[in-house]
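Understanding the architecture of this molecule
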Amino acid sequence: MEKYRTLLESFEKRGKKPLALYLHIPFCARKCAYCDFLSFPSKEEQKIAYMAKLREELAWRSKDFQKGQYEVLSLFIGGGTPSAVPYEEMEKTMEVIRNCYPIYSDWEASIECNPESASKEALEAYLRSGINRLSFGLQSTQEEELRFLGREHQFSTFLTAYQEARKLGFKNISIDLMNGIPLQTPESYKKTLKNISLLKPEHLSIYNLIIEKGTRFYALAKEGKLPLPSEEELLEMDALTKEWTGKMGMSPYEVSNYAKEGFFSVHNYGYWSNVPYLGFGIHSSSYFQHKRWKNTNKLPLYLSLPFFEKGDSSAVQSGQRSVEKSIDETSSSSTFLSLQKQKSCPSIEEQLCEDVQVLTKEEEMEEFFYLGLRRTAGVSEIDFVKRFSVDMHKIFGAVLEKQCKEGYLLHDNAHYRFTEVGMNLSNVLLAEFLL
């Protein structure tokens, strides 16, 4: 995508490197029937305690970025349901980010919202704090389908929140939809798409339902009590997606994402384009300096981590730059860029992070294709040489030639990208790039 390439080149010209931040908010009103994410209901006190600890983690890790080459290009606050957290806590958290990290002047800052918790006061607070993009979890405009999914809202609830966001001045709004869900038909899905088209959002994320083990839908499916659309109906829905996103002036730029010109998600696109990112909060993932890791998924452990000495936490909560001094004086903390062993007990890093993987050059080459080919723009031969100092054809020539002959890949202007058929079979085809 030319706009994204130009954006990254602007960083390079200034001697900077882009960085993305992700905050995981695990709380929700109740678990949806299809959801296998780490999310759960919680009391207000626990939400506030979690957000305070999240701010500590943000400040603790910021020491390595306050002076250096990196600038935060994008922020995504996801969950769970971030809008279920008191909006005052979100304002405090945004203040810590602004004070502790160098922010790109035209950054993208997104938050996921559920319609029932996106009040006018919350939306005002988000806008005031610097959040400039909303992602509404709608899923369907059909009430019967929403009830079966276990969603808390009605379509009318969403309309109220959406219209309020527009009145307040949000100019970049994304809507999440699902197809292949119980009780859905091509006719009902078409009604959903038509309803959405009238609202003129800038971005759509449209996901096919996947029945995950451990969910209520999984149990219903095993009992034969899940009324899902047929394969023929799913194909018809895919055709409707293509037709109606086109009518809305949107183009696909990734497997499940569609956007109007200039409104692709910078954060999403960064995931597939080798932009490093740091995850904060329980069960969040990070990718930085050839390493991947996940934070612990144990909430009690996370809340107990001493990122700062007790007397220093007030500086963190107020979002002041003095947190750097607090970090330096905290004997129990160690920078996350180097895993330091402590003699008597595990370091904070060792308690916080799990599944730490240092990627080999071969694994990063695999990821170049596995992630890059999810984008409709595909992958660039020049980018591969620039990053790995080798011609991609010397390593992947056989699979590239094979998939081109089979009609799954197109090769033009030193780029490889999936055809429409190839994109539909991408999960299978990408496995052929494993070395």
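Structural notes, computed from the coordinates. Predicted model only: the values in this text are computed from it and were never measured. (Residues numbered from 1 in each chain as written. Predicted model: local features only at pLDDT ≥ 70, side-chain atom pairs only at ≥ 80, totals over all residues. Heavy atoms only, no water.)

All right, on to the side chain of Lys47 then. Its place among the elements puts Lys47 in helix α2 (residues 44-62). Buried charge without a salt bridge: Lys47, with Glu44 as the nearest opposite-charge side chain at an N-O distance of 4.1 Å. Sequence-distant contacts of Lys47, that is, excluding residues within four places in its chain, are made with Phe27, Ser42, Ala84 and Pro86. (Helix = DSSP H or I, 4+ residues; strand = E, 2+ residues; numbered from the N terminus. Buried < 20%, exposed > 50% of the residue type's maximum accessible area, 1.4 Å probe, protein only. Lys, Arg positive; Asp, Glu negative; His and termini not counted. Salt bridge = Lys/Arg side-chain N within 4 Å of Asp/Glu carboxyl O. Contact = heavy atoms within 4.5 Å.)

Contact geometry for helix α7 (residues 186-199) and helix α9 (residues 231-247): axes closest at 9 Å, N-to-C directions at 15°. In terms of axis orientation, α7 runs roughly parallel to α9. Helix-helix and strand crossings are classified by hand; for α7 and α9 the assignment is right-handed. Listed contacts from α9 to Pro186, Tyr189, Lys190, Leu193, Lys194 and Ser197 of α7 are Glu233, Glu236, Met237, Leu240, Thr241 and Trp244. For the contact of α7 with α9, the residue count by class is 6 nonpolar, 2 polar and 4 charged. (Axes fitted to C-alpha atoms, helices over the stretch in contact; angles between N-to-C directions. Parallel < 35°, antiparallel > 145°, perpendicular 65-115°, else oblique. Left-handed = near helix turned anticlockwise from the far one by under 90°. Nonpolar A, V, L, I, M, F, W, Y, C, P; charged D, E, K, R; others polar.)

This part is about the pairing of strand β11 (residues 291-295). On a regular strand, one side chain projects to one face of the sheet and the next to the other, so that they alternate. The buried fraction of β11 is high, at 4 of 5 residues. Two elements, strand β10 (residues 285-288) and β11, share 4 bridges in a ladder whose sense is antiparallel. The residue of β11 that forms the bridge with Tyr287 is Arg292. If you look at the hairpin formed by β10 and β11, you'll find 2 residues sitting between the two strands, and Gln289 has a positive phi there, around 50°. Where β11 and strand β12 (residues 353-358) come together, 4 bridges link them in antiparallel fashion. Residue pairing in the sheet places Arg292 in a bridge with Gln357 of β12. (Pairing = 2+ DSSP bridges.)

Looking now at the packing of aromatic side chains. Scanning the model with the defined rule gives 33 aromatic pairs in all. Ring centres of Phe27 and Tyr50 lie 5.2 Å apart, and the angle between their planes is 85°; on these two criteria the pair is classed as edge-to-face. Of this pair, Phe27 sits in the loop between β1 (17-25) and α2 while Tyr50 is found in helix α2, placing the two residues 23 residues apart along the sequence. When sorted by exposure, Phe27 lands in the same class as Tyr50, which is buried. Their ring planes at 65° and their centres at 5.5 Å tell us that Phe264 and Tyr269 sit as a pair that is edge-to-face. Of the residues examined, Phe264 reaches a relative accessible area of 6% and is grouped as buried. Overall, Tyr269 belongs to the buried group, its relative accessible area being 2%. Put simply, the rings of Phe368, Phe369, Phe384, Phe388, Phe396 and Phe433 pair up and form one aromatic cluster. The ring of Trp244 has Lys247 sitting right over it, with the charged end atom 4.0 Å from the ring centre. (Phe/Tyr/Trp six-rings, centres within 6.5 Å; stacked < 30°, edge-to-face > 60°. Lys NZ or Arg CZ within 6 Å of the ring centre and 35° of its normal.)

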